[in-house]
Amino acid sequence: MDSPLSDVGRWRRTPFQPPATPSPEPERDRDRNRDRDRDRDRGRGRDRRRGGPCSFWARCCGCCSRGNRDDDDWGPEPSSYGRSPGRRPDSRGSAVNAAGDGTIREGMLVVTGVDLLSSRSDQNRREHHTDEFEYEELIVRRGQSFHLAVFLNRPCESSDRLALELLIGNSPEVGKGTHVIIPVDKGARDGWKAQVIKDNGQNLSLRVHISPNAIVGKFQFTVRTRCEAGEFQLPFDPHNEIYILFNPWCREDIVYVDREDWRQEYVLNESGRIYYGTEAQIGERTWNYGQFDHGVLDACLYILDRRGMPYGGRGDPVSVSRVVSAMVNSLDDNGVLIGNWSGDYSQGTNPSAWVGSVEILLSYLRTGYSVPYGQCWVFAGVTTTVLRCLGLATRTVTNFNSAHDTDTSLTMDIYFDENMKPLEHLNRDSVWNFHVWNDCWMKRPDLPSGFDGWQVVDATPQETSSGIFCCGPCSVQSIKNGLVYMKYDTPFIFAEVNSDKVYWQRQQDGSFKIVYVEEKAIGSLIVTKAVNSSMREDITHIYKHPEGSEAERKAVETAAAHGSKPNVYATRDAAEDVAMQVEAEDAVTGQDLTVSVVLTNRGGSHRTVKLHLYLSVTFYTGVTGPVFKETKKEVALAPGASDRVSMPVAYKDYRPHLVDQGAMLLNVSGHVKESGQVLAKQHTFRVRTPDLSLTLLGAAVVGQECEVQIVFKNPLPITLTNVVFRLEGSGLQRPKVLNVGDIGGNETVTLRQTFVPVRPGPRQLIASLDSPQLSQVHGVIQVDVAPASGDRIFSDAGGDGGSREAIPMASRGGA
């Protein structure tokens, strides 16, 4: 095992204390006025005469002159300037010239301005697939070229030298990649290169190639010149900051994805489907990832800062994804989300009420405090947003019947007494009805060959890894083949998808014996949203060999051999002749239902089965409540015959016990009198919740007000109190919270809300409803937004990071 000290997740061992003044969400006012300011500054630079008055520099207070140096020496400024070597000035206007007096000498080559061509409609943003970001700064991807214009006070001469500089962090260093110096027309350096592609005298057009191994983050940018009259450096300007991201379009980047449809889906798609429920009753909800919304990119970089991640490691997707898995949950490091599985969400937001990541991430960026509350699908949704925003191809994955192995046995052990009644005090392992995590795509240079491709990252805090709550990245190939010694966290994830459920019965002498091994109970179905479709895709085959195949059995037993119970399979009994199947009716919350057990005698002899059924409610994490209904029956089966044992369950029976997700657990145990065969089965099912109905009232056009209607019918005979709706959609509506009060039993309500689209194209508007009596209620509508008549399509019409208001219902109706 690797030393914990080498684990990138352990950089910060003490909790981060939020600053007294937390980092604000980036202001849009600055973006709105940027083009006007840039054009004004550039015009002043072009009008300047050589050696003339310096009103521009008096205003900027940032000119600098230096003595001549060797042509290739573009090193950091001398420490005599009052700063550490290489340390960047704090802001625009810092005095950085050697003389310290801001003098522009006659004949100096002065940079009067730059244009990074950073508008969303410019070539740079379109070629780098960053034009959807609601930012006006330059956002580019590494391993690719971008263009810029440099404006000078005079034409360049043959003896003049120019260099571009990018700096990140508090103490940039060339050796760590945090201080990048790119001499113009001097050839490539560490993958960086700058060339003049057009020289119009005082205006230069440059093409800059970014190293495919560049650090990911926000860089300050400047231009330095050198001539016989001295050196000059353009002052740092916040308008000229450059964001550099991972590049799945670049073959030299280790996050490269060779399928364009995957890049469109797993990097650029701003919404997706998250699946929940049970394998037999799969629910789905739309999630707004919103990775291009204003402020989200800054929130993602803030997450890396809060962990204390060294800037030099931010070009490695293995390290970045591991840090993200640690920081999306709040344990250890005051990360983004506080997990809560108690059922009491009075001090925050019910995890089922969230409809996307934007509100969560912007709240964390604005306040510096962890956001209450999250559960697995919320952690996974936020992780997808963060990794897609940074440029990693990422998808949200649901594993049905997901095991939580607490003793590293790599099996799920369930203990029963002599009468096959569960011994809950011994049942520490649990099987979650579903669990949601992430796959992200990258090469794994830290592993042997053959383990590139999809990697599991799980931000839900379940067990510690190297002492902190993080999980992954873990190669899906290592999971599939039971290679549990591969980093990171392969044993835990393997047990989640491919362990066996082992039933132990207490014997008369107090020892325990294996009475049944259920080989297909764990990781029975693994799904994600299909590419370029709203359909569900079954990806079980990439995690597991075909169930029951020789390869699958070998993977399980190889993994178990490295667990704490390596000989567990030596005591297995062979299967016998009575088969059992459990069925549950599909029902909506508020309705009665029936569960049934079907017994089949596959042998040639008469069989008598003594059957016990125990019904309890269960959280989706496998934690169960007390038994609230049970049935016992003896069934006689002729050879080849089948019989059904049914248990009716009325709404009044389960209503007082129902918890989140509306799930119930049926424990079935039986004993065959003639053969001694033991039957055991756990079956989870759920009652469904209704959907919200959304209707668009009129055409949607960028910059023009549009209206949506939301209709909901309360399925319960009781009043829903303190009802809250949430509305969100990237490019349509910033996160909005609507307090609507109470909704009577079986009552129908209608709301109307207006929004102003800010980006064209197909968009998704998502809504949810939450109340103490009913949650997990969602709705979505696709909105095809037409572009505005003008050129500029990004506006501030979407509002700020979120809003909250009380909304009266437009109409109410009876059942």
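A short tour of the structure in this document, coming up. All figures in this text were calculated on a predicted structure; none of them were measured in a lab. (Residues numbered from 1 in each chain as written. Predicted model: local features only at pLDDT ≥ 70, side-chain atom pairs only at ≥ 80, totals over all residues. Heavy atoms only, no water.)

Moving on, we get to the overall build of the chain. Helices and strands together make up the secondary structure of the chain, namely 14 helices and 40 strands. Within the chain, contacts between residues at least 6 apart in sequence are counted, and of these 71% link residues at least 24 apart. Total accessible area on the chain is roughly 31000 Å²; 47% of this is exposed by carbon and sulfur atoms. (Helix = DSSP H or I, 4+ residues; strand = E, 2+ residues; numbered from the N terminus. Contact = heavy atoms within 4.5 Å. Areas by Shrake-Rupley, 256 points an atom, 1.4 Å probe, with all protein chains shown as cover.)

Attention now moves to the sheet that holds strand β3 (residues 145–152). Taken together, the 4 strands give an open sheet; going across it, the order is β1-β3-β7-β6, and neighbouring strands pair in antiparallel fashion. Where the open sheet ends on each side, the last strands, each with one partner, are β1 (111–115) and β6 (193–199). For this sheet the average axis-to-axis angle between neighbouring strands, irrespective of direction, equals 30°. Bridging between β6 and strand β7 (residues 203–209) involves 6 bridges; their strand directions are antiparallel. Each residue of the ladder has a partner; that of Gln195, found in β7, is Arg207. (Pairing = 2+ DSSP bridges. Axes fitted to C-alpha atoms, helices over the stretch in contact; angles between N-to-C directions.)

Let us look at the packing of helix α7 (residues 317–327) against helix α9 (residues 376–390). Two numbers describe a pair of packed helices, the interaxial angle and the distance between the axes. Two elements in contact, α7 and α9, have axes separated by 10 Å at closest approach and are oriented at 150°. Accordingly, the angle class assigned to the pair α7 and α9 is roughly antiparallel. Crossing of α7 against α9: the hand is right-handed. Across from Val320, Ser321 and Val324 in α7, the residues of α9 making contact are Thr383, Val386, Leu387 and Leu390. Broken down by class, the residue content of the contact of α7 with α9 amounts to 5 nonpolar, 2 polar and no charged. (Parallel < 35°, antiparallel > 145°, perpendicular 65-115°, else oblique. Left-handed = near helix turned anticlockwise from the far one by under 90°. Nonpolar A, V, L, I, M, F, W, Y, C, P; charged D, E, K, R; others polar.)

Now for unusual backbone geometry. The omega angle of the peptide bond from Pro372 to Tyr373 is 0°, so this bond is cis rather than trans. Position of Tyr373 relative to the elements: it lies in strand β14 (residues 371–374). The peptide bond linking Gly472 to Pro473 adopts the cis configuration, its omega dihedral lying at 5°. For Leu117, which is not glycine, the phi dihedral falls at a positive 50°. Looking at where Leu117 falls in the secondary structure, it is placed in the loop between β1 and α4 (123–127).

Tracing the backbone shows Gln291 in the loop between β12 (282–288) and α6 (296–307). Residues within four places of Gln291 in sequence aside, it is in contact with Phe133, Val267, Leu268, Asn269, Glu270, Val296, Thr385, Arg388 and Cys389. Reaching out from Gln291, the side chain makes a polar contact with the backbone oxygen of Val267 at a distance of 2.9 Å. (Polar contact = N/O pair within 3.5 Å; in protein donor to acceptor, adjacent residues only side chain to side chain.)

The sheet built from 4 strands is open, its strands ordered β27-β26-β29-β30 with antiparallel pairing. Pairing within the sheet leaves two strands with one partner each, and these edge strands are β27 (624–637) and β30 (678–686). When the angles between neighbouring strand axes are averaged without regard to direction, this sheet yields 15°. In the sheet, strand β26 (residues 607–618) pairs with strand β29 (residues 663–672) via 10 bridges, with the strands oriented antiparallel. Each bridged residue has a counterpart across the sheet, and for Leu611 the counterpart in β29 is Gly670.

Looking now at the pairing of strand β16 (residues 412–416). For β16, a buried count of 5 out of 5 residues is recorded, marking the element as mostly surrounded by other parts of the structure. Burial along β16 is two-sided: the residues Met412, Ile414 and Phe416 and Asp413 and Tyr415 are all buried. By the bridge criterion, 5 bridges tie β16 to strand β20 (residues 501–506) in an arrangement that is parallel. Along β20, the bridge assignment pairs Phe416 with Gln505. (Buried < 20%, exposed > 50% of the residue type's maximum accessible area, 1.4 Å probe, protein only.)

Formed by 87 residues in total, the largest nonpolar core has its most connected members in Leu297, Trp377, Leu390 and Tyr543. Among the elements that line this core, the one with the most residues is α9, at 10 residues. Each residue touching Leu297, except ones within four places of it in the same chain, is listed here: Phe133, Tyr135, Ile139, Tyr243, Leu245, Cys389 and Leu390. (Core = buried A, V, L, I, M, F, W, Y, C linked by side-chain atoms within 4.5 Å.)

Take the environment of Leu361 next. Within the element layout of this structure, Leu361 appears in helix α8 (residues 358–367). Separated by 25 residues in the primary sequence, Leu361 and Val336 place their C-alpha atoms 7.1 Å from one another. Those residues in contact with Leu361 that sit more than four places away from it in its chain are Val296, Ala299, Ile303, Val336, Val382, Thr385 and Val386.

Once the charged atoms of two side chains with opposite charge are near each other, the side chains can pair. This structure, assessed with the given rule, holds 35 salt bridges. Taking the shortest distance from any N to any O, the salt bridge between Asp253 and Arg142 comes out at 2.7 Å. One end of the pair, Asp253, is in the loop between β10 (242–245) and α5 (260–268); the other, Arg142, is in the loop between β2 (138–141) and β3, and 111 residues separate them in sequence. A relative accessible area of 1% means that Arg142 is categorised as buried. A salt bridge links Glu270 to Arg763, with the nearest nitrogen and oxygen atoms 2.7 Å apart. Linking Glu270 in the loop between α5 and β11 (271–277) with Arg763 in strand β37 (residues 761–770), this pair joins segments that are 493 residues apart in sequence. The exposure class assigned to Arg763 is buried, which follows from its relative accessible area of 7%. Linked by salt bridges that have partners in common, Glu132, Glu134, Glu270, Asp293, Arg734, Arg759 and Arg763 make up one network. (Salt bridge = Lys/Arg side-chain N within 4 Å of Asp/Glu carboxyl O.)

Relative to the helices and strands, Asn401 resides in strand β15 (residues 394–404). At 2.8 Å, the side chain of Asn401 and the side chain of Ser524 are in polar contact. Not counting chain neighbours up to four residues away, the residues in contact with Asn401 comprise Glu279, Val431, Trp432, Asn433, Phe434, Glu496, Ala521, Ile522, Gly523 and Ser524.

What follows is about the pairing of β20. Of all 6 residues in β20, 5 are buried, a share of seventy percent or more. Pairing between β20 and strand β21 (residues 512–518): 6 bridges, direction antiparallel. Along β21, the bridge assignment pairs Lys501 with Glu518. Where β20 folds back on β21, the antiparallel hairpin that results is connected by 5 residues, among which Gly510 adopts a positive phi of roughly 95°.

Time to look at the packing of aromatic side chains. On inspection of all chains with the given rule, the structure shows 22 aromatic pairs. Summarising the aromatic geometry, the rings of Trp377 and Phe434 are spaced 6.2 Å apart at their centres and angled 40° between planes, so their arrangement reads as tilted. With a gap of 57 residues between them, Trp377 in helix α9 and Phe434 in strand β17 (residues 430–442) connect regions that are remote in the sequence. One exposure class covers both Trp377 and Phe434, and it is buried. The ring centre of Trp354 lies 4.9 Å from the NZ or CZ of Arg726, which sits over that ring. (Phe/Tyr/Trp six-rings, centres within 6.5 Å; stacked < 30°, edge-to-face > 60°. Lys NZ or Arg CZ within 6 Å of the ring centre and 35° of its normal.)

Further remarks concern α8. Count 3.6 residues to each turn of an α-helix, and residues three or four apart come out pointing the same way. The element α8 is largely enclosed, with a buried count of 8 among its 10 residues. The set of residues buried in α8 consists of Val358, Glu359, Ile360, Leu361, Leu362, Ser363, Tyr364 and Leu365. A positive phi of about 80° marks Gly368, the residue just after α8.

Geometric values such as these leave the question of function open.
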